[in-house]
Amino acid sequence: MDDQGALPPHVLIFPLPFQGPVNSTLKLAELLSLSGLHITFLLTDFIHTRLVRHTNINSRLETYPGFRLESISDGLPEDHPRSGERFMEMLDSMRAVTKPLLKEYILASGRPVTCIIADGILGFTCDVANEIGIPIFYCRTLSACCLWVLFCLPKLIEAGVLPFKGDDLDAPITSVPGMEGLLRRRDLPAFCRSGDLSNPNIQLFKTEIQELPRAHGLILNTIEDLEGPVLSYIRAHCPNLYTIGPLHAQLKSKLSGTTTPSSTSSSNSIWKEDRSCITWLDSQPSKSVIYISFGSLAVITKDQQIEFWRGVVCSGTRFLWVIRPDSIVGGDWESNIPTELSLATKERGYIVGWAPQEEVLAHAAIGGFLTHSGWNSTLESLMERVPMICWPYFLDQHVNSRFVGEVWKLGLDMKDKCDRDTVEKMVKDLMEARKDDFIRVTNEMGELARKSMGEGGSSYYNLDRLIKDIELMNA
Ligand code: UDX
């Protein structure tokens with residue numbers, strides 16, 4: 001209760017039901033709760049079940065007053081894969097089933113809902129907020145640089161840039177303001193290569209420029225000084241913009257500075273983390289290990305896996321590799337592994353199905369990160385000053401990898417390559433030949449991120465502004 005005796009604002013938060021977006025949005029929810037807001041965090045049943053099974057989330061969230069973790073159906077059969085490739089089916093089902101359930105849930109909620117925070121790709125949440133008459137903030141958990149490219153899709157189509165004519169992926173893209181001379185065709189989101197404008201992803205993402213300004217404000221898990229130039233273009237369409245990232249680091253610093261009891265791990269993993277990799281890292285020399293993970297949605301073929309494996313083994317570098325249970329096409333990847341790869345892995349590698357990634361990236365033994373350039377992974381690596389080799393798979397990852405390699409200089413862009421020689425060379429460059437260059441730049445960028453979160457920093461200020469704006473809605 002605040003001093004007038006009124007209840008604190010009650011925010012209902014509804015993330016995009018995938019590991020990446022849930023991870024960052026749950027960190028936002030915890031940050032808002034630490035500031036005294038009451039939170040209802042609404043997951044889909046599929047994600048909720050896995051989160052509760054594989055983490056101590058229930059006991060962790062009990063320490064937050066007025067925090068409720070609830071779930072709602074996405075309308076899909078239990079055995080639906082809910083993969084990135086079948087996202088459109090998920091979205092159609094959520095529009096048909098989850099939308100009415102969400103409205104019902106809010107109207108029946110014991111606590112009046114002050115406002116909603118929802119993922120901006122779920123436009124039906126804005127419809128529900130408007131029907132009920134409560135404000136909504138959109139959040140988007142991808143990078144601002146990719147979001148701006150998505151805003152420009154209608155313009156790219158109008159200018160005839162999409163669909164691509166011919167197969168030259170190095171042809172420059174000149175009609176994205178602020179990115180002239182930077183983007184090539186290959187750096188656009190992978191769905192732009194489809195050649196078919198009726199591609200559902202193009203149809204969906206090109207609505208961002210109309211959809212996002214519908215909300216009261218737009219929350220981005222990014223840093224003003226990191227993506228500044230692009231943010232000014234986005235602000236022209238969404239003036240009420242809150243850049244409050246990196247959320248995972250903001251939460252860690254707020255928890256370390258508070259008396260709020262919290263568990264050692266604030267994991268939000270929907271797979272069981274194999275913590276034995278931390279023990280293995282403890283016995284490795286400083287900055288000697290490259291960490292390999294392609295996030296929660298990317299899938300690779302067994303041939304691609306062997307090429308990566310051969311390249312890393314031939315580089316002579318120690319490696320910690322996350323091979324997510326469902327990430328190799330065809331499933332059974334452990335049969336018929338070449339003997340030399342098995343022997344080398346026994347000697348200087350370690351493989352797990354899912355790792356405590358934030359802890360891994362913070363570990364002294366880690367010297368590099370072979371990543372798919374998902375936005376959470378990119379921010380986590382930047383925060384821990386770990387240089388990256390980027391091998392994007394889809395969505396925002398192609399744009400992110402171009403910025404990591406060419407703009408922020410935080411690593412190497414290995415886009416569209418997957419041969420053992422390229423992998424070997426890039427690992428050697430990152431971990432040896434160019435190590436000092438990357439250490440210098442990653443230290444600078446890590447410091448920039450740290451400053452943004454401290455008092456007087458942009459992320460600190462914008463998070464505080466968001467909280468105050470929500471409190472004003474409750475007045
Ligand atoms: C998805 C999209 O793919 C990504 O492009 C977009 O930016 C966010 O939504 P995902 O593919 O899962 O995300 O990648 P990423 O954004 O990096 O999020 C993965 C999360 O899982 C990270 O927070 C990472 O710390 C965590 N993780 C990953 C683990 O905890 N353990 C692992 O073994 C691997």
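Notes on the structure follow. (Residues numbered from 1 in each chain as written. Predicted model: local features only at pLDDT ≥ 70, side-chain atom pairs only at ≥ 80, totals over all residues. Heavy atoms only, no water.)

1. Concerning the overall build of the protein
A count of helical and extended segments in the protein gives 20 helices and 13 strands. For the protein, whose C-alpha radius of gyration is 22 Å, the value lies close to the compact-globule estimate of 23 Å for 475 residues. Counting only C-alpha atoms and orienting by the principal axes, one finds that the protein spans roughly 65 × 55 × 50 Å. A buried classification covers 59% of the 475 residues belonging to the protein. Put simply, 74% of the contacts in the protein that link residues at least 6 apart link residues at least 24 apart. Approximately 18500 Å² of the protein is accessible, and the part contributed by carbon and sulfur atoms is 53%. When the 47 positive and 59 negative side-chain charges of the protein are each reduced to one mean point, those points stand 2 Å apart. (Helix = DSSP H or I, 4+ residues; strand = E, 2+ residues; numbered from the N terminus. Rg over C-alpha atoms; globule rule 2.2 N^0.38 Å. Buried < 20%, exposed > 50% of the residue type's maximum accessible area, 1.4 Å probe, protein only. Contact = heavy atoms within 4.5 Å. Areas by Shrake-Rupley, 256 points an atom, 1.4 Å probe, with all protein chains shown as cover. Lys, Arg positive; Asp, Glu negative; His and termini not counted. Charge placed at Lys NZ, Arg CZ, Asp CG, Glu CD.)

2. Here we look at the site of the ligand
The local shell around the ligand holds 22 residues, among which Asn-23, Ser-296, Ala-355, Ser-377 and Asp-396 are the closest. Between the ligand and Asn-376 there is a distance of 2.9 Å, counted from an oxygen atom to a side-chain nitrogen or oxygen. Coverage of the ligand by the protein chains reaches 97% of its 650 Å² of free accessible surface. Contributions of two or more residues to the shell around the ligand are made by helix H1 (19–34), strand E8 (289–293) and helix H16 (375–383). (Near = heavy atom within 4 Å. Polar contact = N/O pair within 3.5 Å; in protein donor to acceptor, adjacent residues only side chain to side chain.)

3. What to know about the pairing of strand E1 (residues 10–14)
Most of E1 is tucked away: 5 of the 5 residues are buried. By the alternation rule, side chains of E1 split into His-10, Leu-12 and Phe-14 and Val-11 and Ile-13, which are all buried. By the bridge criterion, 4 bridges tie E1 to strand E2 (residues 38–44) in an arrangement that is parallel. Within E2, the position partnered with His-10 by the bridge is His-38. Crossover connection from E1 via H1 to parallel E2: handedness right-handed. Looking at chain direction, E1 and strand E4 (residues 115–119) are connected through 4 bridges and run parallel. Paired with Ile-13 across the strands is Ile-117, a residue of E4. (Pairing = 2+ DSSP bridges. Right-handed = clockwise from strand over helix to strand, strands pointing away.)

4. Here's the deal with the environment of Asp-282
Along the chain, Asp-282 turns up in helix H12 (residues 276–282). You can call Asp-282 exposed: its relative accessible area is 54%. Through-space distance from the C-alpha of Asp-282 to that of Leu-341 is 23 Å; in sequence the pair is 59 residues apart. A polar atom in the side chain of Asp-282 sits 2.6 Å from the side chain of His-363.

5. Focus on the side chain of Thr-345
Secondary-structure assignment places Thr-345 in helix H14 (residues 339–348). With sequence-adjacent residues up to four places away left out, Thr-345 is seen in contact with Trp-309, Phe-319, Tyr-350 and Ile-351.

6. Thoughts on the packing of aromatic side chains
This structure, assessed with the given rule, holds 18 aromatic pairs. When the centroid spacing of 5.7 Å and the interplanar angle of 75 degrees are considered together, the rings of Trp-309 and Trp-321 count as edge-to-face. Within this pair, whereas Trp-309 is found in helix H13 (residues 302–315), its partner Trp-321 is found in strand E9 (residues 318–322), the two being separated by 12 residues in sequence. When the ring of Phe-403 is compared with that of Trp-408, the centres are 5.3 Å apart and the planes differ by 50 degrees; the resulting orientation is tilted. By way of ring pairs, the aromatic residues Trp-148, Phe-151 and Tyr-233 are connected into one cluster. (Phe/Tyr/Trp six-rings, centres within 6.5 Å; stacked < 30°, edge-to-face > 60°.)

7. A short note on the pattern of salt bridges
Counted under the stated rule, the structure contains 37 salt bridges. Ionic pairing is found between Arg-186 and Asp-416, a salt bridge with its closest N-O pair at 2.6 Å. Linking Arg-186 in the loop between helix H7 (153–158) and helix H8 (200–205) with Asp-416 in the loop between strand E13 (411–413) and helix H18 (420–433), this pair joins segments that are 230 residues apart in sequence. The structure contains a network of salt bridges with shared partners spanning Asp-170, Arg-184, Arg-186, Asp-187, Arg-193, Arg-402, Asp-413, Lys-415 and Asp-416. (Salt bridge = Lys/Arg side-chain N within 4 Å of Asp/Glu carboxyl O.)

8. Considerations on the nonpolar core
Core analysis: the biggest nonpolar cluster contains 134 residues, and Leu-32 and Ile-117 have the highest contact counts within it. Top element by residues in this core is helix H6 (residues 144–151). It accounts for 8 residues. Core analysis: the next-biggest nonpolar cluster, separate from the first, contains 30 residues, Ile-306, Val-313, Trp-321 and Leu-430 among them. (Core = buried A, V, L, I, M, F, W, Y, C linked by side-chain atoms within 4.5 Å.)

9. Some words on helix H19 (residues 435–453)
Taking 1.5 Å per residue as the helical rise, H19 with its 19 residues ought to reach 27 Å, and the 27 Å between its terminal C-alpha atoms agrees with that figure. Among all positions of H19, only Phe-438, Val-441, Thr-442, Met-445, Gly-446, Ala-449, Ser-452 and Met-453 are buried. Buried positions in H19, seen along its axis, are confined to an arc of 135 degrees and lie on one side of it. Facing away from the buried surface of H19 by more than 90 degrees, the exposed residues are Asp-436 and Lys-451. Packing partners of the buried residues in H19 comprise helix H10 (224–235), helix H11 (247–256), H16, E13, H18 and helix H20 (458–473). (Expected span 1.5 Å × (residues − 1). Arc of directions from axis to C-beta.)

10. Points about the environment of Trp-280
Structurally, Trp-280 can be placed in helix H12. Separated by 69 residues in the primary sequence, Trp-280 and Gly-349 have C-alpha atoms spaced 9.2 Å apart. Leaving out residues up to four positions away in the same chain, Trp-280 has contacts with Val-289, Arg-318, Phe-319, Leu-320, Arg-348, Gly-349 and Tyr-350.

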